[in-house]
Structure formats: structure tokens, C-alpha cells
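Report on the structure
Here are the chains, one letter per residue:
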Amino acid sequence: MLEMTREEFEELVAEALDRIPPELTRLMDNVAVFVEDEPPADDPDLLGLYEGTPLTERGEWYAGVLPDRITIYRGPTLRMCETREDVIAETEITVVHEIAHHFGIDDERLHALGYG
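Structure report, in brief. This structure is a prediction, so every number in the text was calculated from the model and none was measured.

Moving on, we get to the packing of helix α1 (residues 6–18) against helix α4 (residues 84–102). Packing of α1 against α4 brings their axes to within 9 Å, and their N-to-C directions diverge by 55 degrees. The angle between the axes of α1 and α4 places the two elements in the oblique class. Viewed along their axes, α1 and α4 form a crossing whose handedness is right-handed. On the side of α1, the interface is formed by E8, F9, L12, V13, A16 and L17, while α4 contributes R84, V87, I88, T91, E92, V95 and I99. Here the residues of the contact of α1 with α4 are counted per class, giving 9 nonpolar, 1 polar and 3 charged.

This is the structure in C-alpha cells:
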């Protein structure tokens, strides 16, 4: 398994977020991004997870709720990648994938776009 500290991995996630075009990040609303070492035990290969209400499903009732949560998992990413460059690329794909869920884009469309 490739070695990378949590701090190094968090920096890669931050860099991936910085590469999201500003016109998209301005549209993101009430969402927080976290890094965790491992996903839930029932899905050990999960690279990222979006939990919340996509922007496309929010209505008048959406007020005073906790932020949506995007979690990027370090362990499975490092286990599947062979080089630091692989980790950088996979982290960016995962960040974009989870942000896309925030915008209401489903897995089928993301796979078609190459963000599966």
C-alpha cells in the first residue's frame, strides 16, 4: 500500500477542491468536506460519500438544516493507487464525483462522464 500521511492526503483533497471552477463553487450551498481514514465497515472500498439533500431537491422547506457532508476516504484510495500521481488523479475524480451529487447528478450520469 502506498504511504501518505493524513495531512498530505488532506492537502490533496484541498487542492482538488481548489481546482473546481469558481463559478461552480459559488453555487455550492451548505456543504462541508471532510477526510476520514476509513469508510464504514460494510463498504470498505468506498472512496467518497455524499450525505445530504442535493441542490436540485431543495425546496421551501429547506432551512435551518445541518450542512450536507462530503467525506473522502484516505485508506481505500491509497490501497487502490500505485503512485502519488495516481492518488492525485483519483482524489480529484472522487471530489468531483461527490460535488456532482451535491448538484443532483446521479451515478449513472457520472459514470458516463468518466467520474465513476
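Right, picking up where we left off after that structure.
Although it is not a glycine, N30 sits at a positive phi angle of roughly 60 degrees. Of note, N30 is situated in the loop between α2 (22–25) and β1 (31–36). Classification of N30 as partly exposed rests on a relative accessible area of 26%.

Pairing within the open sheet is mixed, and its 3 strands lie in the order β1-β3-β2. The open sheet has two free edges, formed respectively by β1 and β2 (48–51), since each of these has just one partner strand. The average angle at which neighbouring strand axes cross in this sheet is 15 degrees, direction not considered. Contacting β1 and β3 (68–73), α1 crosses the sheet at an angle of about 150 degrees to β1.

Reading the values: rules and limits
- Residues numbered from 1 in each chain as written.
- Predicted model: local features only at pLDDT ≥ 70, side-chain atom pairs only at ≥ 80, totals over all residues.
- Heavy atoms only, no water.
- Axes fitted to C-alpha atoms, helices over the stretch in contact; angles between N-to-C directions.
- Helix = DSSP H or I, 4+ residues; strand = E, 2+ residues; numbered from the N terminus.
- Parallel < 35°, antiparallel > 145°, perpendicular 65-115°, else oblique.
- Left-handed = near helix turned anticlockwise from the far one by under 90°.
- Contact = heavy atoms within 4.5 Å.
- Nonpolar A, V, L, I, M, F, W, Y, C, P; charged D, E, K, R; others polar.
- Buried < 20%, exposed > 50% of the residue type's maximum accessible area, 1.4 Å probe, protein only.
- Pairing = 2+ DSSP bridges.

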